[in-house]
Every structure is written in structure tokens, then in C-alpha cells.
Number of protein chains: 2
Amino acid sequence: MNAPTPAPRMTRQRREILDALDTRDFRSAQSWHERLRAEGSTIGLATVYRGLQALADQGEVDAVVSESGETLYRRCEAGEEHHHHLRCRSCGKAVEIDVPEFEDFAHRIGDAHGYGDIRHTIELTGVCPECAAAGRG
Amino acid sequence: MNAPTPAPRMTRQRREILDALDTRDFRSAQSWHERLRAEGSTIGLATVYRGLQALADQGEVDAVVSESGETLYRRCEAGEEHHHHLRCRSCGKAVEIDVPEFEDFAHRIGDAHGYGDIRHTIELTGVCPECAAAGRG
DNA sequence: CGTCTTATCGCTAATGATTCTCAATTGCAC
DNA sequence: GTGCAATTGAGAATCATTAGCGATAAGACG
Ligand SMILES: [Zn+2]
Ligand SMILES: [Zn+2]
Ligand SMILES: [Zn+2]
Ligand SMILES: [Zn+2]
């Protein structure tokens, strides 16, 4: 009864994206695209957007919406597991964190108000030690 | 030492925005603009954007970035106080919530990783009872 | 391998939300 | 009232993200 998941193909571009993403920083699709081109890739911008979204759906990459509304991506290190981040607003470097206390709390609050299908967003941002030292921040 | 706060003026448009905002729902600037025009106002879209931002800065309205990246506003009921929301993804209705446990946690995590100037985002979204009943959701 | 199907590419044009420009207004202090 | 900077409204300009489309090339099969 379900749409037969269209077979995903491993293309050169897909590989390039995955490779580029092996850092620890959150960056916009445009930013990843620039980096790829800078490294000699001929990949197109739309392809980077498509690739990142696909990878995000598979849980291969994390996606967060910045305060300004852009979507930032980076390779995920926790796999499928649900988690959150502490991200540097200046350089994008992030640490994955766990907020077990909150996971329950979220559902309790939802129930208390009769809201169903609860989803939550928790993002911590700050300025990392390096950026602070460099005066960016 | 500070920039002399440019005197804010109470204009007809400013008042209209404030009045329109006295509901409990989160809506986009465009949505508020439509509503104002529908009520007969001749206010311009840019003015609504400017007004909402100004009000958000003064703490008169809450602003949140939706999952799709648009900014949603509504009149704040908690005044200056720091707080978070449980918002309906379908109709925008929201409840203000308090997460004392988390407030500390956020700073502890930040310190633990050496990140400074910690900021956080916590948003709960779900489907409110009305929307669930109406099958929207 | 060679063939065939169609997911994926890369470009470019199109969206959609938000911001900027600028002449015309209009709070509001004096 | 006057004067002037803050504010407005319409439309152009930005910016990130998508959609459309002909060209490619994964990958299944034989
Ligand atoms: Zn940093
Ligand atoms: Zn969580
Ligand atoms: Zn609702
Ligand atoms: Zn908080």
C-alpha cells in the first residue's frame, strides 16, 4: 500500500557530498556547494540541495534552522538516534548533546494541554573557545 | 556610551498592529498583514514587517522561526520574561510554557564544552484539540 | 558487455519570504 | 504653528530554496 521507495542511486555527486561533509561543522547548502566547487567539483547547487535533503531524510546528516531562517547541515555522528546540538554561531562547529530529562517533559506538557503529535526543537548556540579566542563572536 | 535610542513614535499603523495582535495565535507577517487589510486597514506589508520586528525587540511580541524557516509572531503575554511555547502546527494557537529544568541545563552544557554566550531555542509543536477534532492535523 | 528504465544531473527560470529605496507623510518637541 | 527626523507605502531588489527540463548515467537484466 505504500509508495515503493524509489531506489536511491550512489552517484559521484552523492559521494562528493558525503565526503565533503565529514567535518564537524554546520554549514548552509550554499556554503557546502562553494566548498565543493573550490575543491574542483563541478557539482550543481540544486544537486547539493537535493543531496543534503535526501541525506537528512536518511538520517545521514543533521539539519537545523538557524535564527535567520537558513537551513544548516552537517554530517551526523549519532546515526538514527534522536539528539540535539550545541553549535557555535560563528564557525558552525557543533557538539551533539543529549537531553533525556527533556524528552519526557515535552510529552507531558503536550498531554497536559491536549496537543497531539508533539514534536520539539531544542538547539543551544554559543561561541566556541576558538572563536572566542580569535575575537570573533 | 550607548547609541541614544532613536525615539519610537506611536503611529496609527503601530497601533493597528498592536490591536490586531491581541489574539493568541502565531502567524507570519504576511498573514497579519492580510488580516489587517481584510479589516479595512491600508497598512503596507513592509510596515507590518518593520512593526513586528520593532515590537519583538521591545519584547512586546514573541517571534519564533518555524520548521520551514518563516518567522511567526504573536503578542506576548509574559512581558519581558523569558519563556517558550507549545504551538499548534495547524492553526498557530500557542500556550506559553516554562522549562526551569532546562534553563540551568543549558548553561551547564555550555560551560562543560567551553562555549560562551549561550542562547537556546526550545519549541514544542503539536496539533491542538480543536484542529485534531476538525481533522486538520 | 549491450540495452533499457528512470533516478539524478546541472542549468536556468521561478518562487516566496523578507529587505531596501525613496518620495511623500506625519509624530512631536519647541 | 514650524521644522525635522522618524515612519510609511509601493514597488524593486535580495536571498535562500524549488521547480522545470533536456541530457546523463546508475544499475538491473540478459
Ligand atoms: Zn566557533
Ligand atoms: Zn529531543
Ligand atoms: Zn490548532
Ligand atoms: Zn529558556
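Residues numbered from 1 in each chain as written. Chains lettered and ligands numbered in written order. Predicted model: local features only at pLDDT ≥ 70, side-chain atom pairs only at ≥ 80, totals over all residues. Heavy atoms only, no water.

In the annotation of an unreviewed UniProt entry, chain A is listed under the name Fur family transcriptional regulator and assigned to Demequina litoralis.

What follows concerns the coordination of the zinc ion (ligand 3). Residues and elements named next belong to chain B. Looking at the zinc ion (ligand 3), one finds its protein donor set to be Cys88 (SG), Cys91 (SG), Cys128 (SG) and Cys131 (SG), positioned 2.2 to 2.3 Å from the metal centre. For the zinc ion (ligand 3), the four donor atoms in the first shell make angles of 105 to 114° at the metal, so the coordination geometry reads as tetrahedral. Sequence spacing of the donor residues for the zinc ion (ligand 3), all on one chain, is C-x2-C-x36-C-x2-C. The same class applies to Cys128 as to Cys131, namely buried. (Donors = N, O, S within 2.8 Å, 3.2 Å for Na, K, Ca; no water. Tetrahedral: all angles 85-135°; square planar, octahedral: opposite > 155°, others 65-115°. Buried < 20%, exposed > 50% of the residue type's maximum accessible area, 1.4 Å probe, protein only.)

So, about the protein's contact with DNA strand D. By nearness alone, 22 residues border DNA strand D, and Tyr49 and Gln53 of chain A together with Gln13, Thr47 and Arg50 of chain B come closest of all. Within 4 Å of the protein, the contacting atoms of DNA strand D are drawn from sugar and phosphate to the extent of 66%. At 3.0 Å, a side-chain N or O of Thr11 of chain B approaches a phosphate oxygen of DNA strand D. For DNA strand D, a base nitrogen lies 2.6 Å from a polar atom in the side chain of Arg50 of chain B. When contributions to the surface near DNA strand D are tallied by element, the ones reaching two or more residues are α3 (45–57) of chain A together with α1 (12–20) and α3 (45–57) of chain B. Of the residues forming the surface near DNA strand D, the biggest block, four residues, is contributed by α3 of chain A. A class-by-class count of the residues in the surface near DNA strand D yields six nonpolar, eight polar and eight charged. (Near = heavy atom within 4 Å. Polar contact = N/O pair within 3.5 Å; in protein donor to acceptor, adjacent residues only side chain to side chain. Helix = DSSP H or I, 4+ residues; strand = E, 2+ residues; numbered from the N terminus. Nonpolar A, V, L, I, M, F, W, Y, C, P; charged D, E, K, R; others polar.)

Glancing now at the layout of surface pockets. All names here are of chain A. Taken as a whole, the second largest pocket encloses approximately 220 Å³ of empty space. Lining the second largest pocket are 15 residues, with Ser66, Leu72, Arg87, Cys88 and Arg89 positioned closest to its centre. Looking at the lining of the second largest pocket, the elements with two or more residues in it are β1 (27–28) and β4 (84–88). Within the lining of the second largest pocket, the residues separate by chemical class into four nonpolar, six polar and five charged. Composition of the lining of the second largest pocket by domain shows at least three residues from each of domain 1 (7–80) and domain 2 (82–137). (1 Å grid on protein atoms, 1.4 Å probe; cavity = no way out; pocket = protein on both sides within 12 Å on 5 of 7 lines; lining within 4 Å. Points joined across faces, edges and corners; volume = space filled by probe spheres on them. Domains from an automatic or database assignment.)

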